[in-house]
Amino acid sequence: MWRDLLPLGRHPHSGGYRRYAWTGADAECRAWFAAQAGLRGLRLDVDRNGNQWAWLGDPADGDAVVTGSHLDSVPDGGAFDGPLGVVSAFAALDELRRRGTPFSRPLGIVNFGDEEGARFGLACVGSRLTAGRLTRDRAHRLTDGDGITLPRAMEAAGYDPDAIGADPERLARIGAFVELHVEQGRALDLSGDRVGIASAIWPHGRWRFDFRGEANHAGTTRLADRRDPMLPYAETVLAARREAELAGAVATFGKIAVEPNGVNAVPSLVRGWLDSRAADQTSLDTVVAGVEKAARDHATAHGVDLDVVRESRTPVVDFDHALRDELARILRRDRDHSPAPGRIPVLGTGAGHDAGILSASIPTAMLFVRNPTGVSHSPAEYAAEDDCLAGVAALADVLEGLVDR
């Protein structure tokens, strides 16, 4: 499975993945998912939001156990973020069948669409729509960098954008969702564990900073006469780093758009996107408020106008305690996941996931697989095969404990 999936959407020069929503690479990944479901005799179901579901048993029976993740990527992303959870889901089902596990509950494997938000700027679009966390009207207004709207992109891919929206009937049939994911950090590597359980997802959000100045000639305009928006933007980037360090949080300006974007022109507009995350809401609010204050002070000093727009905000997510404890109980029986018998690490994360979006609607939990470097959202993202196989075994144990009861 891994070998078949690896070349899909991979850029020949960067080595990273560009699997953006509703593109040719996305279609190839969806075809791969459908093929894997067909090989196992699973019933493929594509919901109104374009999420793919592969079912063993009838979900209409209710109380289904679902696992899976996503197959899309950030720009030049790694191979493991998302796909590891989908590949592991199919592999775990294969393992359960090898064991002869009886299934008293329906089992589903899901591929959520547009989790990364790389094309339209909003993460977890597929799961947000399903959970009613994103309205149809707002989704229809999403636009990519080329001016193509989400409805137009969906239509081009053969999907009906007018059908999207909340799907409470589907979620009501799910009793538990467990998402396996490569760890985006080094906590497991430092502790020596192959697999861990998520406790919570930090609150996080995205803010757009629009610095508007005046375009002019780079060679003839005196420095004193310039209204250069790049200067307050640059100072705001540094301010974000300072504010994050003070609060024990993280803050990143990772995307920028410049107009007119000429080497010999003073910019008229610099648009930068801030991603910030913290262990608690108060710390996050402190960081963002500090960054915005610094941005406004620097903009005023340079005669530049500033607009700040909050594009997304996700509060802290505490995963279902009962389900999390059940996962720990199941995994403690298997000593292969941890160097210390009976100990399963529980850790928080600053990364958002579909499991976090769904947590307000259904019981959700997450398993993490060790990442030896901690690198993610990069072609250098990596997990050792033995650790991936330990993740499959852990997921199979968890699913067995949930479906056979």
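It should be noted that the structure appears before, not after, this text.
An account of the accompanying structure is given in this report. (Residues numbered from 1 in each chain as written. Predicted model: local features only at pLDDT ≥ 70, side-chain atom pairs only at ≥ 80, totals over all residues. Heavy atoms only, no water.)

**Focus: the overall build of the chain**
- When its secondary structure is counted, the chain shows 13 helices and 15 strands.
- Whereas a compact globule of 405 residues would reach a radius of gyration of roughly 22 Å, the chain reaches 22 Å, a difference of no more than 12%.
- A burial count over the chain gives 54% of its 405 residues as buried.
- Contacts spanning at least 24 positions in sequence make up 76% of the contacts within the chain whose residues lie at least 6 apart.
- Just so you have it, the chain exposes about 17,100 Å², and 49% of that area is on carbon and sulfur atoms.
- Here the chain contributes 46 positively and 58 negatively charged side chains, and the mean placements of these two sets differ by 1 Å. (Helix = DSSP H or I, 4+ residues; strand = E, 2+ residues; numbered from the N terminus. Rg over C-alpha atoms; globule rule 2.2 N^0.38 Å. Buried < 20%, exposed > 50% of the residue type's maximum accessible area, 1.4 Å probe, protein only. Contact = heavy atoms within 4.5 Å. Areas by Shrake-Rupley, 256 points an atom, 1.4 Å probe, with all protein chains shown as cover. Lys, Arg positive; Asp, Glu negative; His and termini not counted. Charge placed at Lys NZ, Arg CZ, Asp CG, Glu CD.)

**A word on unusual backbone geometry**
- A cis geometry characterises the amide bond from Glu259 onward to Pro260, with omega recorded as 0°.
- By the secondary structure assignment, Pro260 is in the loop between strand S9 (250–259) and strand S10 (265–266).
- Its identity is not glycine, yet Trp22 carries a phi of approximately 60°, on the positive side.
- As for its placement among the helices and strands, Trp22 is situated in the loop between helix H1 (2–5) and helix H2 (24–39).
- The phi torsion at Asp63 lies on the positive side, around 60°, for a residue other than glycine.
- Mapped onto the fold, Asp63 is located in the loop between strand S2 (52–56) and strand S3 (64–70).

**What to know about the environment of Asp325**
- Structurally, the position occupied by Asp325 is in helix H11 (residues 321–331).
- Of the residues examined, Asp325 reaches a relative accessible area of 45% and is grouped as partly exposed.
- Counting along the chain gives 126 residues from Asp325 to Ser199, while the straight-line C-alpha distance between them is 10.0 Å.

**Here's the deal with H11**
- Regarding H11, the residues found buried are Leu323, Arg324, Glu326, Leu327, Ala328, Ile330 and Leu331.
- Buried residues along H11 sit against strand S5 (174–182), strand S6 (195–201), strand S14 (346–349), strand S15 (364–369) and helix H13 (385–403).
- Among the residues of H11, the N-terminal cap falls to Asp320, whose side-chain oxygen and the backbone nitrogen of Ala322 are separated by 3.3 Å. (Polar contact = N/O pair within 3.5 Å; in protein donor to acceptor, adjacent residues only side chain to side chain.)

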